[in-house]
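Observations on the model geometry
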Amino acid sequence: MSVRVRFAPSPTGYLHIGGARTALFNWLFARHCGGKFILRIEDTDAARNSQEAVDVILNGLRWLGLDWDEGPITSDATGPGKGDYGPYYQSQRAENYRRRVEALLSHGLAYEHEGAVKFKMQRTPITIPDLVVGDVVRELTDREQQDPDFVIVRSDGQPVFHLVNVIDDLEMGITHVIRGEDHLSNTAKHIALFRAFGMSPPKYAHIPLILNPDGSKMSKRDTGASLMWYVEQGYPPEAVLNYLCLLGWSPKGNREVLPIREVVELFDLPQILRHNARFDLAKLQWLSGEYVRAMDNDRFYELCVHTLAKAGIGTEAFDLAYVKAALDTCKGKFKCFADLPAYGGFYFVAKVSYRAGAKPEDCTGENAARLAKLRAAFAAVAKFDADAVQAALKAVAAEAGTKVGPFVHPLRLACTGAASGPSLYHLLEILGREQSLARIDAAMGELAAGA
């Protein structure tokens, strides 16, 4: 049997992280088995749907690298990566649903009721064989025992989710339905519909939900609920993919940093965990930092420059060697690219403010005097490099009879505007003598003005 799976989101204006994880698990299973991954947009609610909302889904999947394998041919040059396939749209399949409903009506398996169409639900319990949850027996509730039938076409003529979901899975030859556990309650109705159409249902695998750290269900307002949040925060997509893999799936050996090609080889449905997954932002940030640290230099530079530009910090006016040297001092020091402007943006601005990162106790005449001594020492060194700068600072501190700390802190504030950042001596070498002295001068000017 050739595996065929699908991801069928509704265009609601954002892609939930749980939906992204569902898409990923379907994609992984298809790639592991050499099968097909199909994207289907459930857009039958015309009042709520828009192309912008669809684009959010498409762009999110493309950002993650989750390519789909078939669909209508499109001229979209930014397609998913396998030919020029667009997704299937339920809004374009209305005739398929109409024909299927006519068949149910003609065979007495559905009937009209107050302008709507209802499906004649079977009256006996339904067993749901699930590859993750195990066998689940769905008994009729007390209310359903009185009337278990359910609407499949509303009075306005719109087919409901249960109907179109089943018809599409049937006609697209879906072999495995991998979806969130919150859909388990719908599955008995879907199995009954498959049987009514004379077809065996696909195999089901209901995956655990993603919860907040406190155990509550993630809503769209929670931090990290929207996939676009990760894009905006500058997380590498491979780090987000890696983290999503670990939300409900566990490989042997408790490994955590796993390239996606290895996950494809290892992934299988029996390894999906039964219990709900807890979202752990700290773990994601750690993973992200590991991927940033190991990133190819050229890609690292490209993402850094793009992030700085988004923050209004241009690098075009600077020599390429300078840009690379500056960014090299930042690599491995931040966890996501959105942290870079605050960490290393000082390299690419005309001036910084001493007071921006200073506390009241830093704005003293004593610090101004220390900066003046450092300026004189730096101006006198023969070669302005990290070793010479460090030696000069140590000599000034020794002459003053103090440790280096009281000199290091105001010097960093003067040259970067922040109390922490890249290696001080190396950042001074990159800034160069002229720029370093100019920033020290400006800092002393601010201190004098404050006094």
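One structure accompanies this document, and this report is about it. In this text the structure is predicted, and so the values were computed from the model without any measurement. (Residues numbered from 1 in each chain as written. Predicted model: local features only at pLDDT ≥ 70, side-chain atom pairs only at ≥ 80, totals over all residues. Heavy atoms only, no water.)

**Here we look at the sheet that holds strand 5 (residues 116-119)**
Strand pairing in a sheet relies on backbone hydrogen bonds. The paired strands run either parallel or antiparallel. One open sheet holds the 3 strands; their spatial order is 4-5-8, and the pairing between them is antiparallel. Each edge of the open sheet carries a strand with a single partner, namely strand 4 (110-113) and strand 8 (150-153). Averaged over all adjacent pairs, the angle separating strand axes in this sheet is 45°, with direction ignored. Here 4 bridges tie strand 4 to strand 5, and the two strands are oriented antiparallel to one another. Directly across from His 113, in strand 5, lies its bridge partner Ala 116. (Pairing = 2+ DSSP bridges. Helix = DSSP H or I, 4+ residues; strand = E, 2+ residues; numbered from the N terminus. Axes fitted to C-alpha atoms, helices over the stretch in contact; angles between N-to-C directions.)

**Comments concerning the environment of Ile 440**
Looking at the element boundaries, Ile 440 is found in helix 17 (residues 424-450). Expressed as a C-alpha distance, the spacing of Ile 440 and Asp 296, which sit 144 residues apart in the sequence, is 35 Å. In contact with Ile 440, not counting residues within four places along its chain, are Leu 371, Arg 375, Phe 378, Leu 411, Ala 414 and Cys 415. (Contact = heavy atoms within 4.5 Å.)

**Looking at the packing of helix 14 (residues 365-380) against helix 17**
At their nearest, the axes of helix 14 and helix 17 sit 10 Å apart, and the two run at 150° to each other. Here helix 17 runs roughly antiparallel to helix 14, going by the angle between their axes. Regarding helix 14 and helix 17, the two cross each other, and that crossing is left-handed. Residues Asn 367, Ala 368, Leu 371, Ala 372, Arg 375, Phe 378, Ala 379 and Ala 380 of helix 14 lie in contact with helix 17, whose contacting residues are Leu 428, Arg 433, Leu 437, Ile 440, Asp 441, Ala 443, Met 444 and Leu 447. Per-class residue counts for the contact of helix 14 with helix 17 are 12 nonpolar, 1 polar and 3 charged. (Parallel < 35°, antiparallel > 145°, perpendicular 65-115°, else oblique. Left-handed = near helix turned anticlockwise from the far one by under 90°. Nonpolar A, V, L, I, M, F, W, Y, C, P; charged D, E, K, R; others polar.)

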